[in-house]
Amino acid sequence: MLLKKLVLSGFKSFGKTTTFEFPSDVTAIVGPNGSGKSNVAEGIRWVLGEQSMKSLRGKRGEDLIFNGSDKASRLGKAEVKLVFDNSSKQFPYEFDEVVFGRRVLRDGTNEYLLNSSVVRLKDIFELLSRVGIGSTQHHIISQGEVDRILWATPAERQEMIEEALGLKEFHLKKKDASKKLTETENNVKQVEAQRREVTPHLTYLSQQAEKMKAFEEYRVDLNKKIKEYVDRETATINSLKGEHNKDKEPLAKTKKELEDAIAVLNKEIQTAEQEFSGVKAREDIHGKLSELEDRHKSLNRELGRIEGALTAETHNTSGSISLSVFMRELKEAVSFVDNLMQQESFEALKSGLKDVKVKLEGLGKLCAGDKTQGGGGDNPLGAKKQLLLTQLAQIERSLSVVQSEREEGGLMREDMLSDLREREQKLRSHEHELESVREQLREIEFSESKYKERDEELANFVKDLNIKHEPQKDANMFGTDKERQSLHRDIERLRIKLEEAGGIDGGVVDEYKETKKRDEFLSTELADLKKAEKSLADLMHELDEKLHKEFRLGLDNINKEFQKFFNDVFGGGKALLIYVEPVTNEEGEEEGGGVDIDLDIPKKRLKSLDMLSGGERALTSIALLFAMSAVHPPPFLVLDETDAALDEANSQRYADLLKDLSTKTQLVVITHNRTTMAEAGVLYGVTMSGEGISKLLSLKFGQAAEFAK
Ligand code: ATP
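Cut-off values and rules
Residues numbered from 1 in each chain as written. Predicted model: local features only at pLDDT ≥ 70, side-chain atom pairs only at ≥ 80, totals over all residues. Heavy atoms only, no water. Near = heavy atom within 4 Å. Polar contact = N/O pair within 3.5 Å; in protein donor to acceptor, adjacent residues only side chain to side chain. Areas by Shrake-Rupley, 256 points an atom, 1.4 Å probe, with all protein chains shown as cover. Helix = DSSP H or I, 4+ residues; strand = E, 2+ residues; numbered from the N terminus. Nonpolar A, V, L, I, M, F, W, Y, C, P; charged D, E, K, R; others polar. Buried < 20%, exposed > 50% of the residue type's maximum accessible area, 1.4 Å probe, protein only. Core = buried A, V, L, I, M, F, W, Y, C linked by side-chain atoms within 4.5 Å. Contact = heavy atoms within 4.5 Å. Salt bridge = Lys/Arg side-chain N within 4 Å of Asp/Glu carboxyl O. Domains from an automatic or database assignment. Axes fitted to C-alpha atoms, helices over the stretch in contact; angles between N-to-C directions. Parallel < 35°, antiparallel > 145°, perpendicular 65-115°, else oblique. Pairing = 2+ DSSP bridges.

Bringing the site of the ligand into the picture now. If you check the shell around the ligand, you find 19 residues, and the closest are Asn33, Gly34, Lys37, Ser38 and Arg57. Glu641 is positioned with one of its side-chain polar atoms (N or O) 3.5 Å from an oxygen atom of the ligand. Here the ligand has 640 Å² of accessible area as a free molecule, and 74% of this is covered by the chains. In terms of residue count, helix α1 (residues 37–47) provides more of the shell around the ligand than any other element does, three residues in total. For the shell around the ligand, the per-class residue count stands at four nonpolar, 10 polar and five charged.

This is how it looks when you write it as structure tokens:
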């Protein structure tokens with residue numbers, strides 16, 4: 001027993017909350033016309049999601065709310081609850097009861113409830129389809145609608161049969177899959193369009209990013225090379241500095257020593273030269289000597305002449321001094337004095353004066369006729385000769401003195417000179433050496449200026465590049481300048497490349513990464529969507545196949561039961577449901593198709609269903625309805641005066657069929673037919689009160705049959 005309870009509150013004529021319990025396989029609702037019996041069936045139809053107001057005999061939701069009467073005021077809300085037993089867990093809930101609810105307010109608010117929680121209509125349908133209750137509500141046969149299945153189009157009929165066979169679930173699934181497929185196809189189109197948009201931009205960004213990558217590589221390489229350059233150039237300059245200092249220091253020291261030594265030597269040479277010039281002052285000895293020698297020669301010549309004259313005198317006896325002789329002698333004396341006047345040395349002056357004295361004495365004697373003079377005694381020539389001899393003797397003495405003086409002075413001078421020469425030579429050698437040292441120092445300074453230039457260049461280089469880098473101490477020096485220049489060129493080349501690449505926006509890489517990520521995401525999404533598309537298409541195909549197979553099988557089974565019930569009711573004849581395949585039109589859509597009914601009533605030639613009488617139509621419909629319910633029993637069936645058109649004999653057949661069917665399906669029948677009532681386990685009597693409100697009177701189990709009698 002699935003159906004447990006129905007509670008109507010404010011629904012149509014049920015102005016007061018009324019509860020119907022369904023403890024029996026067959027529940028009959030009886031009562032006078034207009035008491036509200038059909039409202040019960042409609043309550044069940046409505047709570048299970050009926051959308052057609054027409055089938056609820058109303059126009060608006062408001063029409064379902066108790067409208068009041070002369071004695072009872074109208075209500076603001078209609079609510080119906082249908083309680084199902086779920087102890088066998090037919091519904092996927094752990095509760096033993098599942099309560100479907102629906103309410104409508106006068107403002108039009110319409111709500112569905114499931115165990116008191118508001119849910120969507122879709123949820124209600126889904127849940128009901130699990131227990132074989134579909135939205136076509138073929139299991140609720142309203143008053144006068146028993147032959148609905150006969151009047152239905154083949155397509156509608158097919159739907160009813162499919163629902164009765166419990167295939168509605170497949171349809172729902174198919175519909176769901178189809179909806180999802182359409183959504184997926186739209187999504188695929190959207191994603192493909194997005195990808196088409198992204199692709200050219202991505203290609204452009206990828207090229208830019210490649211350039212940027214190369215730019216990055218250049219930058220890294222450049223930084224590396226700059227650091228290497230700075231390290232190595234610093235090391236090279238430092239090494240050059242060290243070497244120069246190493247060479248320069250001893251040279252500077254040598255230079256200083258040489259300069260000192262030269263200064264000392266210059267001083268010594270100056271002193272020596274002064275000393276030497278002192279010795280040189282006595283160099284007049286030479287003059288004196290030559291003068292003495294000249295004097296000596298002249299005296300000797302004079303002596304020779306005198307002696308010649310004396311010899312001649314021996315032949316000339318006059319014995320007096322001639323004037324010429326006197327003048328000559330006087331002239332000589334004067335020349336002596338002249339000589340003396342030029343003498344500086346006191347000794348020479350003294351000696352010269354002696355000579356002058358002798359000369360003058362000789363001249364005196366000559367004038368006096370001194371015969372003692374000269375070899376001849378008082379002969380003036382002889383005196384003169386004597387004088388000359390004296391003078392010669394004196395000069396020879398002087399010569400010997402001067403000569404020995406000269407010898408002494410000469411030796412000293414030579415010593416001094418050689419000493420001086422030695423010093424001068426040493427000075428020259430020192431000066432030479434100093435010049436060489438200076439040359440070396442100049443060379444060092446020249447190369448120093450070069451590395452100072454390099455130092456400056458390096459500082460400018462670092463400044464220009466605006467880099468902060470502490471040079472490494474253990475860096476390798478440049479082996480050659482060529483090596484340095486080569487690295488410098490590499491740096492310049494890289495800088496140019498970087499400048500050329502400078503036009504690329506740095507954000508391009510981020511944008512590329514983002515766009516690539518987006519493209520990858522879209523690609524993955526597209527793959528997923530296509531996969532989903534395929535699996536949905538597969539599912540739809542599977543569902544189609546299954547549906548088709550189950551439907552054909554179900555239809556065969558219904559046909560068997562239909563034929564059987566038809567035979568029972570009509571005592572023979574033919575009743576057959578025929579499946580007509582739909583036709584695919586030019587647009588590729590399926591049309592036509594459905595289920596036709598082929599009937600053959602004994603002794604009658606039916607050209608169409610229209611030719612059936614009301615009772616025949618009702619019987620055929622009941623046969624088909626029961627056949628469908630027998631093949632796939634619904635959890636319950638509500639039959640509102642389905643038996644209305646039956647005569648007594650057929651009412652009995654109907655009652656028998658009900659009995660049969662109630663073993664498989666819970667039945668709620670609304671009837672005026674006593675034969676039908678007799679089959680009920682529970683009988684509800686509905687009456688209309690004076691307030692215009694439907695009221696309930698229940699008779700349970702055996703009481704019903706009793707009541708029916
Ligand atoms: P019959 O045996 O003749 O088929 P019934 O017992 O099935 O009659 P219903 O058709 O269920 O009767 O009930 C109709 C009654 O319900 C009418 O009297 C009608 O006035 C009443 N009714 C319908 N809608 C409302 C409403 N909104 N408010 C109050 N009463 C209503």
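A word on helix α4 (residues 154–164). Listed in full, the buried residues belonging to α4 are Arg157, Gln158, Met160, Ile161, Glu162, Glu163 and Ala164. Residue Gly166 follows α4 closely and has a positive phi angle near 75 degrees.

The next point concerns the nonpolar core. Residues Ile161, Phe562, Leu577, Leu599, Phe626 and Leu639 are the most contacted members of the largest nonpolar core, which totals 56 residues. When neighbours within four sequence positions are excluded, Leu577 is seen to be in contact with Ile161, Leu555, Ile558, Asn559, Phe562, Val595, Asp596, Ile597 and Leu624.

The final tally for this structure, using the stated rule, is 48 salt bridges. Note that Arg438 and Glu259 form a salt bridge whose closest N and O atoms lie 2.9 Å from each other. In this pair, Arg438 sits in helix α9 (residues 380–465) while Glu259 sits in helix α5 (residues 168–281), placing the two residues 179 residues apart along the sequence. With a shortest N-O distance of 3.0 Å, Glu520 and Lys516 are connected by a salt bridge.

Glancing now at the domain arrangement of the chain. Split by domain assignment, the chain resolves into domain 1 (1–131 + 642–647 + 666–709), domain 2 (213–278 + 448–499) and domain 3 (283–435). Measuring from the centre of the C-alpha atoms in domain 1 to the corresponding centre in domain 2 gives 110 Å.

For any two helices packed against each other, one specifies the inter-axial angle together with the distance between the axes. Between helix α12 (residues 614–631) and helix α13 (residues 648–662), the least distance of the axes is 11 Å, while the angle of their chain directions is 10 degrees. Taken together, the axes of α12 and α13 are roughly parallel relative to one another. Here α12 contributes Leu619, Ile622, Phe626, Ser629 and Ala630 to the contact with α13, which in turn contributes Asn650, Tyr654, Leu657, Leu658 and Leu661. Here the residues of the contact of α12 with α13 sort into eight nonpolar, two polar and no charged.

Let's shift gears to the pairing of strand β6 (residues 110–114). Note: strand β5 (residues 97–105) against β6, five bridges, orientation antiparallel. Paired with Gly101 across the bridge in β6 is Leu113. Where β5 folds back on β6, the antiparallel hairpin that results is connected by four residues, among which Gly108 adopts a positive phi of roughly 100 degrees. Both β6 and strand β7 (residues 117–119) contribute to a ladder of three bridges, which runs antiparallel. Bridging across to β7, Leu114 finds its partner in Ser117.

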